[in-house]
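Residues per chain, in single letters:
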Amino acid sequence: MLWYALRRLVLALPLLVGITFISFAVIHLAPGEPVDVTGGTMNTKSSAQARQLLREMYGLDQPIAVQYWNWLGRIARLDFGRSFAPDGRPVLHKIGERLPVTLMLNIVELLIIVALAIPIGMASATRQYSVFDKVTTVFVFVGFATPDFWLALLLMILFGVELGWLPISGLRSLNWEYMSGWRQHWDFVSHLVLPILVATFGGLAGFSRYMRQSMLEVIRQDYIQSARAKGLSERVVIGKHALRNAMLPLVTILGLSLPGLIGGSVIVESIFAIPGMGQLMVQAVFERDYPVIMGNLVVVAVLTLVANLLADVAYGLVDPRIRLGGRGRR
Amino acid sequence: MKHFWQAFAKNRLAVAGGAVVLVLVLLALLAPVLAPADPHRPDVHNMLGAPSAKHPLGTDQLGRDVLSRMLYGSRVSLAVGFVSVGIAAAIGIVLGAVAGYRGGLVDATIMRLVDLMLVFPRFFLLLAVLAFLRPSIWTIMAVIGLTGWMGVTRLVRGEFLALKEREFVLWSQAVGAAGFRVVWRHILPNAMAPVLVAMTLGVPAAILTESGLSFLGLGVQPPFATWGNILNEGKDAIEIAWWLSFYPGLAILITVLSYNLLGEGIRDALDPRLRQSRRLAASRG
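The following refers to the structure shown. From a predicted model like this one, the values you see are computed outputs, not experimental measurements.

With that settled, consider the overall build of chain A. Counting secondary structure elements, chain A contains 13 helices and zero strands. When its helices and strands are written in sequence order, chain A yields α-α-α-α-α-α-α-α-α-α-α-α-α. Summarising the internal contacts of chain A: among those between residues at least 6 apart in sequence, 70% fall at separations of at least 24.

Counting its secondary structure elements, chain B contains 12 helices and zero strands. Considered along the principal axes of its C-alpha atoms, chain B spans approximately 75 × 45 × 30 Å. Put simply, 70% of the contacts in chain B that link residues at least 6 apart link residues at least 24 apart.

Moving on, we get to the packing of helix α4 (residues 66-102) of chain B against helix α7 (residues 137-146) of chain B. All names here are of chain B. At their nearest, the axes of α4 and α7 sit 8 Å apart, and the two run at 40° to each other. Classified by the angle their axes make, α4 and α7 are oblique. By crossing handedness, the relation of α4 to α7 is classed as right-handed. Contacts between α4 and α7 involve Val 76, Val 80, Val 83, Ser 84, Ile 87 and Ala 88 from the former and Ile 137, Ile 140, Met 141, Ala 142, Ile 144, Gly 145 and Leu 146 from the latter. Considered class by class, the residues forming the contact of α4 with α7 number 11 nonpolar, two polar and no charged.

On to the environment of Arg 69 of chain B, then. Residue and element names in this part refer to chain B. Checked against the element boundaries, Arg 69 lands in helix α4. Taking the C-alpha atoms as reference points, Arg 69 and Ile 266, 197 residues apart in sequence, are found 32 Å from one another. Excluding anything up to four places from it in sequence, Arg 69 contacts Pro 39, Arg 64, Ala 225 and Ile 230.

A few words now on the environment of Asn 232 of chain B. All names here are of chain B. Looking at the element boundaries, Asn 232 is found in helix α11 (residues 227-235). Note on Asn 232: 23 C-beta atoms within 10 Å, which makes it buried. Along the primary structure Asn 232 and Ala 206 are separated by 26 residues, whereas in three dimensions their C-alpha atoms are 18 Å apart. Apart from residues no more than four positions distant in its own chain, Asn 232 is found in contact with Ser 214, Phe 215 and Gly 217.

Here we come to the packing of helix α2 (residues 12-29) of chain B against α4 of chain B. Residues and elements named next belong to chain B. Where α2 contacts α4, the two axes come as close as 8 Å, and the packing angle between them is 115°. Taken together, the axis directions place α2 and α4 in an arrangement best described as roughly perpendicular. Crossing handedness for the pair α2 and α4: left-handed. On α4, the residues that touch Leu 24, Val 25, Leu 27 and Ala 28 of α2 are Leu 71, Ser 74, Arg 75 and Leu 78.

Further remarks concern the interface of chain A and chain B. Counting residues at the interface gives 41 residues for chain A and 38 residues for chain B. When contributions to the side of chain A that touches chain B are tallied by element, the ones reaching two or more residues are α1 (2-27), α2 (34-41), α6 (131-145), α7 (148-162), α10 (234-271), α11 (277-286) and α12 (290-318) of chain A. Of the residues that constitute the side of chain A that touches chain B, the class distribution is 32 nonpolar, eight polar and one charged.

Here the focus is unusual backbone geometry. Residues and elements named next belong to chain A. For Ala 273, which is not glycine, the phi dihedral falls at a positive 50°. When the 13 C-beta atoms within 10 Å are taken as the criterion, Ala 273 is described as partly exposed. One non-glycine residue, Arg 288, adopts positive backbone phi at about 50°. Residue position: Arg 288 is located in the loop between α11 and α12.

Residue and element names in this part refer to chain A. Locating Leu 105 in the fold gives a position in helix α5 (residues 91-126). A tally of 26 C-beta atoms within 10 Å means that Leu 105 is categorised as buried. It is 9.1 Å that separates the C-alpha atoms of Leu 105 and Gly 276, two residues lying 171 residues apart in sequence. With residues up to four places along the chain from it excluded, the contact list for Leu 105 reads Pro 195, Ile 196, Ala 199, Ser 265 and Gly 276.

So, about α1 of chain A. Residue and element names in this part refer to chain A. Its 26 residues place the ends of α1 38 Å apart at the C-alpha level, agreeing with the 38 Å of an ideal helix rising 1.5 Å per residue. If you look at α1, its biggest bend is around 25°, right at Leu 13, and the proline Pro 14 turns up within four residues after that. Among all positions of α1, only Ile 19, Ser 23, Val 26 and Ile 27 are buried.

Let us now look at the nonpolar core. As a rule of thumb, nonpolar side chains are buried together in soluble globular proteins. In this structure, Ala 152, Ile 293 and Leu 297 of chain A together with Phe 124 and Leu 127 of chain B are the most contacted members of the largest nonpolar core, which totals 143 residues. When residues of this core are assigned to their parent elements, the largest contribution, 15 residues, is made by helix α10 (residues 179-216) of chain B. Discounting chain neighbours no more than four positions away, the residues touching Leu 297 of chain A are Ser 23 and Val 26 of chain A together with Phe 124, Leu 125 and Ala 128 of chain B.

How each quantity is defined
Residues numbered from 1 in each chain as written. Chains lettered and ligands numbered in written order. Predicted model: local features only at pLDDT ≥ 70, side-chain atom pairs only at ≥ 80, totals over all residues. Helix = DSSP H or I, 4+ residues; strand = E, 2+ residues; numbered from the N terminus. Contact = placed C-beta atoms within 7 Å. Axes fitted to C-alpha atoms, helices over the stretch in contact; angles between N-to-C directions. Parallel < 35°, antiparallel > 145°, perpendicular 65-115°, else oblique. Left-handed = near helix turned anticlockwise from the far one by under 90°. Nonpolar A, V, L, I, M, F, W, Y, C, P; charged D, E, K, R; others polar. Buried ≥ 20, exposed ≤ 12 C-beta atoms within 10 Å, placed from the backbone. Expected span 1.5 Å × (residues − 1). Bend = angle between axes of the 7 residues up to and from the residue. Core = buried A, V, L, I, M, F, W, Y, C linked by C-beta atoms within 7 Å.

Take a look at the structure:
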């Protein structure tokens, strides 16, 4: 198992280098020098300042290989430079504040999606073409097609404006400091309900679909027949033999869908004014705060890489064929 | 082909999806004829007007007719959807064909590039790229296309890997056809079916992405109307003008839903053939 995990790790290293490559390429995407572009949106004074800062930061007068090498050296020391915003704080501090919020949201979303998608998928697969199956299929198609920002606005109108049950912005109320311990917790949770509901909606549709598909394939297998034939109850056959095998492909899909989930935080965080990485990214793009944009991009990609690695290792843990078979297969 | 149409016609949902897609394309093409008002003309006497006989879907902050804006907005959505998917498919077909046909180091390099692109959460990458570019409908099309070719690449590569071992390909190679000719005349046409399905399903995904970017205010810029930026303006008025947020989102939902139903219908109708070719490929080891 250790070998398998190590091999995965070694395979991920080139991707890590690749991430820095792509991110660096983005800086040079703009026609001409990247510094020229800022002129259009900023006023002349701050634009001249930004040019100067960018030139210093990326050494834009040097050969491109030298630029990349210097930039890489700084990234390796987690030095993303300072924000162009008036506060001029180090990018690493800004990201450090917001990373836990985005991570927490994504982990909670993931847990909810998995906890709901598995039983939903199982139930619709074991009762294929039943009313329940048809209802969930409709839900899946609508879930795929619903724009998350629209769902967020509708829920805000309903629960925030019309009914007034839930707060629609930020993570805490203004009078949070004056609340008692329990009220503080409740306040925090109530701020999370709508964002998490929105973020899980689309993902839930996808995952229950995959789970259904996977389950449908598994219950046609011979070993399920033989489990039934030896007299096991339906509950054991489905709940143990079939479920375990049907969940295997889900681990991979989980890993593959992480970038989408993390990317989704851009919209959810912007709408609900949640101080996470996504909101930081949108603000930085509006302010043309290039060091923050680049830092964000690198951190988010590395985060996805790590998450994919974890999913790979988890797959090896649950499926012995993967970690032992390794080279021989395919 | 006949089997395909028979199978497709039986799938009522897919036919309905296809019909709605057709209607949406017509609405977009005929927008100047159908729109009840000029989508850019403000009306200070009727700002944030509720839906009425004159303005069936209400008016926005500047008193512009929402229905007209949505009709013109559908042109943007469709154009972005088709063009960006076209770009993505072109890149994906070329890279996938090269990777699958050449194999070896070329294949390994291209597939690592695919893995690499997939490590970036799409929205973060899009925003980072857009931060360096001037937002316009062309840049939006380009960046959505340039960040969305990985799926097609994998698909085409897989088809090529299976097809290049088939007899008719081996035969044409044996009689001395040039590599390009083998790929273009013999392999590619046989690999196109799943690509067409992927493209049909790619259009709604691109439309969702564009409307998300426009909603954030980073996509197609006003005064051009798009469903996304009408929603963006509607966001500031959700407490008083629900119609500004409701209808454009509903339009996106219906559009994406119809394309998805159509795409899945096409895939299901093609499936027997696809499954057969996979099984053949598998049995050949």
